[in-house]
Amino acid sequence: MEQIGRDFRAYVASYHIPDCTVEQVDEDHITLTTPHARGEVIFYAFEGAPEIVELRIEDADCACEPKFFLHFQLTDESRAKELFGEMASELQQHDLFHTTRVLLCCTAGLTTSMFASKLAEAAKTLSLNYTFEAIPLDQARTEGGSYDVVLLAPQVGYQRDAVAESFPNAVVVEIPAKVFASFDAGSALRLVMHVLSDHTVFPEHDGTNLKLARDLKNDRRIMVVTAINRPRSSWIGWRIYDKGTIVAHGSVTKPTHDLRDVEDLLATLHVRGWNPSDLDAIGIAVPGVINRGTVALAAKHVTDYELGRTLCKRYGTKVFVDNNANAAAVGCYVSQDEYDSVVLHTQQTGFLVGGQGIVVDGHLVKGRKNFAGELTPLYGAIHEPDRSKRDTSVAWTSEGMRKTVAPLLAADIALVAPDAIYVAVDLLDDMDALREEISRYFGSRLDAYIPDLIRVTDYRERIALGELALCLQKLSNPRPHRKH
């Protein structure tokens, strides 16, 4: 055991977390137990290579999916302590695995009571620790209560701001009209998990496997790494495609987004036996502006992270890095053969600004320094010439999100005129209502130019397929770098 391993073991064993019992089970296994959760630090030795450390947090009372789960190679003690610090911080959250309380509200309560029963059945089937209650809106505002999420029926969605004042510690969001009208418990549960940024939104692999519908020579072995950043969680999934078939997959989950996690993931897989020389390429789809494999992510104050070059030099394998919305747009394009020009719009509940990927006549539009599809300047020009009047409440209701997104899509139609627009926005499930909102900018004489609007419910799958297609394209038709 090297000195760094001994020092890190001692660091973990002596770390103080309130109300937490630390036990060294053996030389390679340390447990951290709180009244609500159980943490584990496990060391794995590999001949001729640094140790691998596994960090995991699970519910103390049931074997559900871990809330925190990753592996990393023990080569940098400061990095190891940083990651363990994130784990320790999660363990100190007393509500980490508490029962999620969801309140449904409408005018009378009868309809929502029936819906709450369906949701409870669905949550039980999925082994989710959720409870659902339904009461009339007036009663809810009078009585208040401790809830994690308040779901408003569409007919009372306009009162979202007033309800939010009565439930300051809850996420208040409107149930999309089609979901409520059809008692679609599955979609409603996905919405709850989405707004809570729960890791269960991102299964490792749910069996859905979109296929390439375009004429791409798919005889390669390619690893695809997909990173999705949410307000309160980060998920990184990986797959190895062998001639289009998924032959291996996995994921990590943690509360913060860090591009070094991608490096840690690949280093761990490498030590465990993955051979990069067996791959034709590694494709990585991450948030941010990507320019020649370098990532800039303003929200994380990242300006020039050379992810592609670093990994290419380390593993001697071709590495391609792309923006995840761009990859999703390509995924929408290659999964069908009806539309040659498409726009993919993605936006999280509660976020005023989303992102886009644009494919025109089969070619991904990246623009100067790959900035195409970054919507912040366009959003500002349309919605908030005076930033002091920013109203974030509009991103929590279907109507508000529709009014936010529609003018952006109208601009896409005017500038790009795509054959179809794919919409990956949880609150926008009614494409007819979205079309009607967009038509306000065109008038009856120009309605014919509004393209097909298609709702995306498998965004992660679109990213993975799109990144696979981008890798295949770059391998078969390499082009010199643009001067930008």
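Just so it is clear, the structure is predicted and the values come from calculations on it, not from any experiment.

Trainee: So what exactly am I meant to see when it comes to the overall build of the protein here?
Mentor: Across its full length, the protein holds 14 helices and 22 strands. The globule rule puts the C-alpha radius of gyration for 484 residues at 23 Å, and the 24 Å found for the protein is close to it. Counting only C-alpha atoms and orienting by the principal axes, one finds that the protein spans roughly 70 × 60 × 40 Å. The buried share of the protein, reckoned over its 484 residues, is 53%. Put simply, of all contacts in the protein between residues at least 6 apart along the chain, 65% involve residues at least 24 apart. For the protein, the exposed surface amounts to about 22,000 Å²; the carbon and sulfur share of it is 48%.

Trainee: Help me understand the packing of helix α8 (residues 260-271) against helix α9 (residues 307-315), please; the structure alone is not making it clear to me.
Mentor: When two helices pack together, their arrangement is given by the angle between the helix axes and the distance between those axes. In contact at an axis separation of 11 Å, α8 and α9 are set at 15° when each is read in the N-to-C sense. In terms of orientation, α8 and α9 fall into the roughly parallel class. Judged by the sense of rotation from one axis to the other, the crossing of α8 with α9 is right-handed. Taking contact as the criterion, the partners of V262, E263, L266, A267 and H270 in α8 are, on α9, L307, T310, L311, R314 and Y315. Among the residues forming the contact of α8 with α9, the class breakdown is six nonpolar, two polar and two charged.

Trainee: Where do I start with the packing of aromatic side chains in this structure?
Mentor: What describes a pair of aromatic rings is the distance from one ring centre to the other and the angle between the planes of the rings. Summed over the entire model, instances satisfying the criterion amount to 13 aromatic pairs. Geometrically, the ring pair formed by F115 and F183 is stacked, given 5.1 Å between the ring centres and 10° between the ring planes. Here F115, found in helix α3 (residues 110-125), pairs with F183, found in the loop between α6 (177-181) and α7 (185-195); they are 68 residues apart in sequence, far enough to count as distant. Accessibility classification places F115 together with F183 in one group, the buried group. Ring pairing ties together the aromatic residues F8, Y11, Y15, F43, F72 and F84, which thus form one cluster. Stacked on the ring of Y44, the Lys or Arg R272 has its end atom at 5.1 Å from the ring centre. The residue whose ring lies beneath R440 is Y441, and the NZ or CZ to ring-centre distance is 5.6 Å.

Trainee: What should I look at first to understand a negative patch on the surface in this one?
Mentor: A contiguous patch of negative charge on the surface is contributed by D337, E338, D361, D419 and D452. The exposure class of D361 is exposed, given its relative accessible area of 56%.

Trainee: Would you mind going over the packing of helix α1 (residues 3-14) against helix α2 (residues 77-91) with me for this structure?
Mentor: Taken N-terminus to C-terminus, the directions of α1 and α2 make an angle of 25°; their axes are 11 Å apart at the nearest point. Taken together, the axis directions place α1 and α2 in an arrangement best described as roughly parallel. For the crossing formed where α1 meets α2, the hand is right-handed. Contacts between α1 and α2 involve I4, D7, F8, Y11 and V12 from the former and E77, A80, K81 and F84 from the latter.

Trainee: I keep staring at the nonpolar core and nothing clicks. Help me out?
Mentor: Note on soluble globular proteins: their nonpolar side chains tend to be buried together. Formed by 64 residues in total, the largest nonpolar core has its most connected members in L104, F115, Y130, F132, V150, L434 and I438. The biggest single contributor to this core is α7, with seven residues. Other than its neighbours up to four places away in sequence, I438 contacts A406, L409, A410, I413, I450 and L453.

Trainee: Would you take a moment to explain helix α14 (residues 459-476) for this structure?
Mentor: What sets the pattern is the α-helix's 3.6 residues per turn: residues three or four places apart point alike. Given a rise of 1.5 Å per residue, 18 residues ought to cover 26 Å, and the 26 Å separating the end C-alpha atoms of α14 matches this to within 8%. Counted residue by residue, α14 has 15 buried out of 18 residues, so it is predominantly covered.

Trainee: I'm lost on the state of the cysteines in this one. Help?
Mentor: As used in these notes, a disulfide is a covalent bond between sulfur atoms, one from each of two cysteines. By the definition in use, this model includes zero disulfides. Free of any disulfide, C105 has its nearest cysteine sulfur in C106, 7.9 Å distant. Classification of C105 as buried rests on a relative accessible area of 0%. Assessed through its relative accessible area of 3%, C106 is described here as buried.

Procedures and definitions
- Residues numbered from 1 in each chain as written.
- Predicted model: local features only at pLDDT ≥ 70, side-chain atom pairs only at ≥ 80, totals over all residues.
- Heavy atoms only, no water.
- Helix = DSSP H or I, 4+ residues; strand = E, 2+ residues; numbered from the N terminus.
- Rg over C-alpha atoms; globule rule 2.2 N^0.38 Å.
- Buried < 20%, exposed > 50% of the residue type's maximum accessible area, 1.4 Å probe, protein only.
- Contact = heavy atoms within 4.5 Å.
- Areas by Shrake-Rupley, 256 points an atom, 1.4 Å probe, with all protein chains shown as cover.
- Axes fitted to C-alpha atoms, helices over the stretch in contact; angles between N-to-C directions.
- Parallel < 35°, antiparallel > 145°, perpendicular 65-115°, else oblique.
- Left-handed = near helix turned anticlockwise from the far one by under 90°.
- Nonpolar A, V, L, I, M, F, W, Y, C, P; charged D, E, K, R; others polar.
- Phe/Tyr/Trp six-rings, centres within 6.5 Å; stacked < 30°, edge-to-face > 60°.
- Lys NZ or Arg CZ within 6 Å of the ring centre and 35° of its normal.
- Patch = residues over 30% accessible without salt bridge, like charges linked within 9 Å, V, L, I, M, F, W, Y side chains within 5 Å.
- Salt bridge = Lys/Arg side-chain N within 4 Å of Asp/Glu carboxyl O.
- Lys, Arg positive; Asp, Glu negative; His and termini not counted.
- Charge placed at Lys NZ, Arg CZ, Asp CG, Glu CD.
- Core = buried A, V, L, I, M, F, W, Y, C linked by side-chain atoms within 4.5 Å.
- Expected span 1.5 Å × (residues − 1).
- Disulfide = S-S within 2.5 Å.

In short, shape yes, function no, at least from these values alone.
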